[in-house]
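Structure assessment
As a plain string of letters, each chain reads:
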Amino acid sequence: MLIDMTGRAPNLHWALDMKLPATAWTISGYKGSDAILDWALARVSPQALAGTWVLIDHAKDDGTRYGLSADVLNVALAKVGLQFPRDFEAVYTLPISYMKFNATLYMPKTD
């Protein structure tokens with residue numbers, strides 16, 4: 001499963017052959033976006049959460065981000081003993097060209 005914390009890469013899960021949590025696309029940057037993510041993650045099985053990959057945007061030079069709160073993600077991950085970014089490793093950084101920022105794809109760390 002892929003959790004797109006950027007809310008700006010709606011087709012990436014198809015390219016990676018991954019599922020999304022409960023919604024076709026979790027957009028970000030709007031009032032209520034974090035609540036929608038919380039709702040979606042509450043419906044994900046512990047097994048799926050334990051193997052989830054995360055795409056998160058980088059803060060701009062002024063510190064602003066478009067993406068969803070990692071705090072919401074961590075509430076869900078805590079149910080399976082994980083925390084982002086501690087229990088994840090960066091795999092790839094990709095440009096989200098139309099928004100003029102980069103995002104990094106993380107996978108769960110393997111022991």
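As the structure is a prediction and not an experimental result, all values here were calculated from the model.

Another aspect to go through is the overall build of the protein. The helix and strand tally for the protein stands at 4 helices and 4 strands. Helices (α) and strands (β) of the protein occur, in sequence order from the N terminus, as β-α-α-α-β-α-β-β. Computed over C-alpha atoms, the radius of gyration of the protein comes to 13 Å, within 12% of the 13 Å expected from 2.2 N^0.38 for 111 residues, which places it in the range of a compact globule. When its C-alpha atoms are laid out on the principal axes, the protein stretches across 35 × 30 × 25 Å. Every one of the 111 residues in the protein was classed for burial, and the buried ones make up 42%. Here the contacts in the protein between residues at least 6 apart in sequence split such that 54% fall between residues at least 24 apart. When the 10 positive and 11 negative side-chain charges of the protein are each reduced to one mean point, those points stand 6 Å apart.

Applying the stated criterion across every chain yields a total of 1 salt bridge. For the salt bridge of Asp87 with Arg86, the shortest nitrogen-to-oxygen distance reads 2.7 Å. The exposure class assigned to Asp87 is buried, which follows from its relative accessible area of 18%. Exposure remark for Arg86: the relative accessible area of 46% places this residue in the partly exposed category.

The next subject is the packing of helix H2 (residues 33-41) against helix H4 (residues 70-78). Interhelical geometry of H2 versus H4 gives an angle of 15° and a closest axis separation of 9 Å. Judged by the angle between their axes, H2 and H4 are roughly parallel. Every pair of crossing elements has a handedness; the one defined by H2 and H4 is right-handed. Together, Asp34, Leu37, Asp38 and Leu41 of H2 and Val72, Leu73 and Ala76 of H4 make up the contact between the two elements. Classifying every residue of the contact of H2 with H4 gives 5 nonpolar, no polar and 2 charged.

Spatial ordering of the open sheet is given by S1-S2-S4-S3, a layout of 4 strands whose pairing is mixed. One side of each edge strand has no neighbouring strand; the edge strands of this open sheet are strand S1 (2-4) and strand S3 (88-96). Taking the axes of each pair of neighbouring strands and ignoring which way they run, one obtains an average angle of 20° across the sheet. The sheet contact formed by strand S2 (residues 53-57) and strand S4 (residues 101-108) spans 4 bridges and is antiparallel. For Leu55, the partnering residue across the bridge sits in S4 and is Leu105.

Time to look at the confidence of the model for the protein. Per-residue pLDDT for the protein has a mean of 84; in total, 96% of the residues score no lower than 70. Mean pLDDT values for the elements of the protein range from 82 in H2 up to 92 in S3.

With that settled, the discussion passes to the nonpolar core. One finds Met5, Leu41, Val54, Leu73 and Phe84 to be the most contacted residues of the largest nonpolar core, which totals 18 residues. Residue assignment for this core shows that the elements contributing at least two residues are H2, S2 and H4. Of the residues forming this core, the biggest block, 4 residues, is contributed by H4. Setting aside residues up to four positions removed in sequence, Leu73 forms contacts with Ile3, Met5, Leu41, Val54 and Phe84. Grouped together as the second largest cluster of nonpolar side chains are 11 residues, Leu2, Leu94, Met99 and Phe101 included.

Quick notes on the rules
Residues numbered from 1 in each chain as written. Predicted model: local features only at pLDDT ≥ 70, side-chain atom pairs only at ≥ 80, totals over all residues. Heavy atoms only, no water. Helix = DSSP H or I, 4+ residues; strand = E, 2+ residues; numbered from the N terminus. Rg over C-alpha atoms; globule rule 2.2 N^0.38 Å. Buried < 20%, exposed > 50% of the residue type's maximum accessible area, 1.4 Å probe, protein only. Contact = heavy atoms within 4.5 Å. Lys, Arg positive; Asp, Glu negative; His and termini not counted. Charge placed at Lys NZ, Arg CZ, Asp CG, Glu CD. Salt bridge = Lys/Arg side-chain N within 4 Å of Asp/Glu carboxyl O. Axes fitted to C-alpha atoms, helices over the stretch in contact; angles between N-to-C directions. Parallel < 35°, antiparallel > 145°, perpendicular 65-115°, else oblique. Left-handed = near helix turned anticlockwise from the far one by under 90°. Nonpolar A, V, L, I, M, F, W, Y, C, P; charged D, E, K, R; others polar. Pairing = 2+ DSSP bridges. pLDDT = per-residue confidence, 0-100. Core = buried A, V, L, I, M, F, W, Y, C linked by side-chain atoms within 4.5 Å.

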